[in-house]
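What follows is each chain in one-letter form.
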Amino acid sequence: MLSKRKRKALMPIRKNKPGAGRSHAKRVGTISFSDPEFRARFEKARRKWQRKLRPLAEAARSSEQLTERDFAIRINARG
Amino acid sequence: MSLEDILKLPDPYFILPEDARRQLNYIDRYVRHPELGCRTVVLEEHYIDRDYIEDHSVFYSKSLTNYPNYCTRVHFFSLEPTQLQSEITRIRSLRSSAEEHVFWEECGRLSKRHYIGFAVIKPLPGCPVGRTVLRCLQEDSKKGHLRKFKCACDFDAHLLGLRFTVKGLPFQQQDLGVSACATTALWISLQRAAQLEHAGAATPAHITMRASQFALPFGRPMPSEGLSLDQMCQAIQSLGYSPNLHRAEGSSFEVTRALLFSSVSSGFSPVLVMENVDGSVRHAVAVAGVAVSQHTTAPPVTGVRHRSADLRGLYVHDDRCGPYLKATIAERKGNFLVRYELFDAQEEWTLTHILTPLHAKIRLSFGELYRAGADALTSDVQAFLNASGENESTLWRSRIYRSHVYVDELLQRVGASRLVEQLCRKVRLSRYIGVIRFDAPSLDTFDVLLDTTSTERNLNCLAVLQLQSTNVHTAELCRFIAGRYGGQYIH
């Protein structure tokens, strides 16, 4: 069994660099969907992200909406 | 001594020999690459090749010229001839003196270390390169990117009593008799699709005949005048697969890149339909692999990043040149550009369509999988991070896997045995599953599994898997997603 002092010396050093990892993250209240406050924050953020990401989803949809012109193109490169 | 000299091929009459042997010379250069280091070539004469004999049956046998129905197969090894001879003799003697498995293990070991692959040489002076399977280059390019050949698979060749195995994607040259670029690209793509299902692969003759079964918009099917996209889809459908077609022209660069990346990283070889700069020629190539950044450095798109942002290039099989040709990608005015060096000149093509033959049970397309990921799930994950006060980006990727391949991939993770046990006990998996994986610095990696036999309107979530069970917030999010979309939470 290591002494308390030695154990402390072997413990990993907590990094506290500004701008790295989660250091500038702000923990806000409880993180649980059963908490109405968190749930409200989540739903609000979700609507924001859906608005941001919808154009990409729509672009993926439109790329699958094909017309006769798409199917008629001829592929015949030679070499 | 070059491959051309070894084979002593007759010169074609009306075209330049260097034009006819461009692919052969490319293969010669490729096998001499320092990473492969070919030292010995073994010729297997009078080799009956399934693809060529079909071409011969439907086309060449009806010519006035008496074309033989057999080919020569060339095997490439990275051992000196005497060393190779003694290794083959040693392993062959093991069959009678040792246990059976020892013999097969030794065959596998010799293949892994020294077998580079094979090329079938057809008795056609104008287009000699037939079915060719060559080993891919190493994953680490040492140039800041990784080569990922997810479409490569194992092919066996039997020579001198031994079984040699090579991992690659088949290639062949267009002959303009039975096949032009569209047929050849489709043939390559279908070779991979057949391997995924352990099914018999279609030959170029099969593809051209199936493609021209109901429509001949450009005249006679043979000699090949090229195919339309409609005909390519018809051929795929009649060979038992489903054509999954996306238009890249006029679409978003990010979305096209994501769909292409998802398809290749799922192990499906998509056919790229491309247009030259002035729009006068369309060409088709098959994708064998991707080049991705060694480190994820691409800037985030709206705070959420698809893994395809790390895509740096593609490895394509171009039937006018050779296999595993490195192409770079770029964006210009929303167009997806594919550039590569061919015949000492830079070629630039605009990608217009991506055609992927999928198993008929995969009803969920890569586009629909992407939409489910972007529209619903990524919004959930990013909103969760924001509501938790974390200013982080979510990295996500979307793939379609055979369910047992996914389970096998899970088992390769340390400590995943219990997770797999839970998954197999609790969830009924479809033959192919849609997998959306999320990574964020403050969360454990987790996967959302979707049933690919379901459709976009009735999308069925199978499970949400938390790959490490250390983070309580990830558990909260996974439980929420599982509850919201109707899947099992596995941890």
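Residues numbered from 1 in each chain as written. Chains lettered and ligands numbered in written order. Predicted model: local features only at pLDDT ≥ 70, side-chain atom pairs only at ≥ 80, totals over all residues.

Draft legend 1. Layout of the overall build of chain A. Scanning chain A from N- to C-terminus turns up 3 helices and 1 strand. For chain A, the succession of helices and strands along the chain, N to C, is α-α-α-β. Classification of the 79 residues of chain A by burial places 14% in the buried group. (Helix = DSSP H or I, 4+ residues; strand = E, 2+ residues; numbered from the N terminus. Buried ≥ 20, exposed ≤ 12 C-beta atoms within 10 Å, placed from the backbone.)

Draft legend 2. The overall build of chain B, seen in detail. Each helix and strand in chain B was counted, giving 14 helices and 21 strands. Computed over C-alpha atoms, the radius of gyration of chain B comes to 24 Å, within 12% of the 23 Å expected from 2.2 N^0.38 for 491 residues, which places it in the range of a compact globule. For chain B, the spread of C-alpha atoms along the three principal axes comes to 75 × 60 × 40 Å. Burial statistics for chain B: of 491 residues in total, 50% are counted as buried. (Rg over C-alpha atoms; globule rule 2.2 N^0.38 Å.)

Draft legend 3. Geometry of helix α8 (residues 204-211) of chain B. Residue and element names in this part refer to chain B. Most of α8 is tucked away: 7 of the 8 residues are buried. Turning to α8, its buried residues number three or more, namely P204, A205, H206, I207, T208, R210 and A211. On the buried face of α8, the contacting elements are α4 (50-58), α7 (181-197), β8 (227-228) and α9 (229-238). (Contact = placed C-beta atoms within 7 Å.)

Draft legend 4. Summary view of the interface of chain A and chain B. Every contact between the two is made by 39 residues of chain A and, on the other side, 51 residues of chain B. Counting only elements with at least two residues in the side of chain A that touches chain B, the list comes to α2 (36-62), α3 (68-72) and β1 (74-75) of chain A. For the side of chain A that touches chain B, the element with the most residues is α2 of chain A, which contributes 16 residues. Grouping the amino acids of the side of chain A that touches chain B by side-chain chemistry returns 19 nonpolar, 8 polar and 12 charged. Pairing between β1 of chain A and β8 of chain B: 2 bridges, direction antiparallel. Residue I75 of chain A lies in a different strand from β8 of chain B, and its bridge partner there is L227 of chain B. (Nonpolar A, V, L, I, M, F, W, Y, C, P; charged D, E, K, R; others polar. Pairing = 2+ DSSP bridges.)

Draft legend 5. Structural view of the packing of helix α12 (residues 403-411) of chain B against helix α13 (residues 417-426) of chain B. Residue and element names in this part refer to chain B. Remark: α12 packs on α13, axes separated minimally by 8 Å, with the N-to-C direction vectors making an angle of 155°. It follows from the interaxial angle that α12 and α13 lie roughly antiparallel. For the element pair α12 and α13, the recorded crossing hand is right-handed. The segment α12 lies against α13, with V407, L410 and L411 engaging S417, L419 and V420. Of the residues belonging to the contact of α12 with α13, the class tally is 5 nonpolar, 1 polar and no charged. (Axes fitted to C-alpha atoms, helices over the stretch in contact; angles between N-to-C directions. Parallel < 35°, antiparallel > 145°, perpendicular 65-115°, else oblique. Left-handed = near helix turned anticlockwise from the far one by under 90°.)

Draft legend 6. The arrangement of the pairing of strand β4 (residues 129-134) of chain B in detail. All names here are of chain B. Extensive coverage of β4 is indicated by the burial of 6 of its 6 residues. Pairing between strand β3 (residues 115-121) and β4: 4 bridges, direction antiparallel. Looking at the pairing, I121 lines up with V129 of β4.

Draft legend 7. Representation of the sheet that holds strand β18 (residues 432-439) of chain B. All names here are of chain B. Here 6 strands make up an open sheet; going across it, the order is β12-β17-β18-β19-β20-β21 and the pairing mixed. One side of each edge strand has no neighbouring strand; the edge strands of this open sheet are β12 (304-306) and β21 (488-490). Going from strand to strand, the sheet's axes swing by 20° on average, the running direction of each strand aside. In this structure, β18 lies alongside strand β19 (residues 446-451), joined through 6 bridges in antiparallel fashion. Bridge pairing links V435 to L449 in β19.

Draft legend 8. Main features of the sheet that holds strand β1 (residues 40-47) of chain B. All names here are of chain B. The strand order β1-β2-β3-β4 describes an open sheet built from 4 strands, whose pairing is antiparallel. The two strands at the open ends of the sheet, each matched to only one other strand, are β1 and β4. Taking each pair of neighbouring strands and ignoring which way they run, the sheet shows an average axis angle of 15°. Direction of pairing for strand β2 (residues 71-77) relative to β3: antiparallel, over a ladder of 6 bridges.

Draft legend 9. Just the domain arrangement of chain B, in detail. All names here are of chain B. When the domains of chain B are assigned, the result is domain 1 (3-359) and domain 2 (366-490). Relative placement of domain 1 and domain 2: their C-alpha centres are 33 Å apart. It is helix α10 (residues 253-265) that contributes the most residues to the side of domain 1 that touches domain 2, 6 residues altogether. (Domains from an automatic or database assignment.)

Draft legend 10. Looking closely at the environment of R54 of chain A. If you trace the backbone, R54 of chain A turns up in helix α2. Put simply, R54 of chain A and I75 of chain A are 21 residues apart on the chain and 33 Å apart in space, counted from C-alpha to C-alpha.

Draft legend 11. Representation of the nonpolar core within the structure. All names here are of chain B. Counting residues in hydrophobic clusters, the biggest one holds 146 residues, and the most contacted among them are M232, L272, A288 and V316. Examining the composition of this core, we find that 12 residues originate from one element, helix α11 (residues 366-387), more than from any other. Built from parts of two domains, this core gets at least three residues from each of domain 1 (3-359) and domain 2 (366-490). Discounting chain neighbours no more than four positions away, the residues touching V316 are L272, V285, A286, V287, A288, L325 and A327. (Core = buried A, V, L, I, M, F, W, Y, C linked by C-beta atoms within 7 Å.)

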